[in-house]
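Chains, contacts and geometry: an overview
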Amino acid sequence: MASSSATPHSSPPPSSSSSSTYYEIPWVEKYRPTKVAEVVGNTDAVSRLQVIARDGNMPNIILSGPPGTGKTTSILALAHELLGPHCKEAVLELNASDDRGIDVVRNRIKMFAQKKVTLPPGRHKLIILDEADSMTSGAQQALRRTMEIYSNTTRFALACNTSSKIIEPIQSRCALVRFSRLSDQEILSRLFIVLEAEKVPYVPEGLEAIIFTADGDMRQALNNLQATFSGFRFVNQENVFKVCDQPHPLHVKNMVRNVIDGRFDDACSGLKQLYDLGYSPTDIITTLFRIIKNYDMAEYLKLEFLKETGFAHMRICDGVGSVLQLSGLLAKLALVRETAKAP
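As the structure is a computational prediction, the values presented were derived from the model and not from experiment.

1. Looking at the side chain of N60
- Among the secondary structure elements, N60 is positioned in the loop between helix 4 (43–55) and strand 1 (61–64).
- Its relative accessible area of 13% is what places N60 among the buried residues.
- The contacts of N60, once residues within four sequence positions are left out, are M147, T154, R155, F156, R173, C174 and A175.

2. With respect to the packing of aromatic side chains
- Per the counting criterion, the structure on display carries three aromatic pairs.
- The ring of F112 has K125 sitting right over it, with the charged end atom 5.7 Å from the ring centre.

3. Examining the packing of helix 10 (residues 184–198) against helix 12 (residues 218–232)
- Interaxial distance between helix 10 and helix 12 falls to 10 Å at its minimum, and their mutual angle equals 35 degrees. The two elements helix 10 and helix 12 meet at a crossing, and its hand is right-handed. On helix 12, the residues touching E186, I187, R190, L191, V194 and L195 of helix 10 are M218, A221, L222 and L225.
- In terms of residue class, the contact of helix 10 with helix 12 is built from eight nonpolar, no polar and two charged.

4. A look at the pairing of strand 3 (residues 125–129)
- Here strand 3 lies mainly inside the structure; five of its five residues are buried.
- When strand 3 meets strand 4 (residues 154–160), the two strands line up parallel, connected through five bridges. Across the sheet, the residue bridging to I128 is A157, located in strand 4.
- With helix 8 (residues 137–149) bridging strand 3 and its parallel neighbour strand 4, the resulting β-α-β unit is right-handed.

Reading the values: rules and limits
- Residues numbered from 1 in each chain as written.
- Predicted model: local features only at pLDDT ≥ 70, side-chain atom pairs only at ≥ 80, totals over all residues.
- Heavy atoms only, no water.
- Helix = DSSP H or I, 4+ residues; strand = E, 2+ residues; numbered from the N terminus.
- Buried < 20%, exposed > 50% of the residue type's maximum accessible area, 1.4 Å probe, protein only.
- Contact = heavy atoms within 4.5 Å.
- Phe/Tyr/Trp six-rings, centres within 6.5 Å; stacked < 30°, edge-to-face > 60°.
- Lys NZ or Arg CZ within 6 Å of the ring centre and 35° of its normal.
- Axes fitted to C-alpha atoms, helices over the stretch in contact; angles between N-to-C directions.
- Left-handed = near helix turned anticlockwise from the far one by under 90°.
- Nonpolar A, V, L, I, M, F, W, Y, C, P; charged D, E, K, R; others polar.
- Pairing = 2+ DSSP bridges.
- Right-handed = clockwise from strand over helix to strand, strands pointing away.

Just geometry here; none of it tells us what the structure is for.
Laid out in structure tokens, this is it:
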């Protein structure tokens, strides 16, 4: 399938005018679901939102989970299904890029909550706060009071990465809907739809690379796919890792294999090669962690490797990101291999 689709699209687009319109809309926006049922993955969370859309009984809700898993998309789709043509005037969306200090809560949010809007019976105005965990504590306290006063006419939907950063009084007033990272299969199913619609030439290894770099993040997957296609007009492994500027997993896998086989010098030279290519220590250790997690080795050894990698990652995040730190990690892994015994 890949080779047959690659042939007609290997030549550049016929005219510059057509290609300039081609990239106007990011695929993330172009293929954003408009109904809750179309949201990929997180079936439990989506089914709960579908019940709300069907019955119209909307509570205040917190949507919590990693980036790119469909939180904002789900709540926007829910707003469209609940409010239909009234969506424009009855929904206020504020993102982390907007100023959301205590003054905005007291003025803009309060004014919107007071505004009279004619809606079908049983429907409420909706205020969507994206990245709510980045709001200041004072703003959250003011928001709590606003939620209380205008509960008859207005509902709140808060999207955040970690719900623990939302103050307890707001959490207790909301239903919590948790989102988790998407599986490889779920991302692949949506990628196939986009590939078909955009006539993108690809090879299966290219899609594997897209899924590897996305790490359960649908937004990242679509952005990487579009960037690879617009840059190289063909999606294969090499092009994807060039665009994403991540260490090639095969190089990192060779390092791990050398450590396990007792070839420590080879592992160190492989590491230095990656470091000299300009990859950041954070990228190297993140890829290393994911390779170890999926590597076929004894379970007790894998757990020890992951523990040591986690400690090294923590030190690198604290700012100690040198080649010495990474070499020390390889030495630790080699030592673990020598001394670890099966339980």
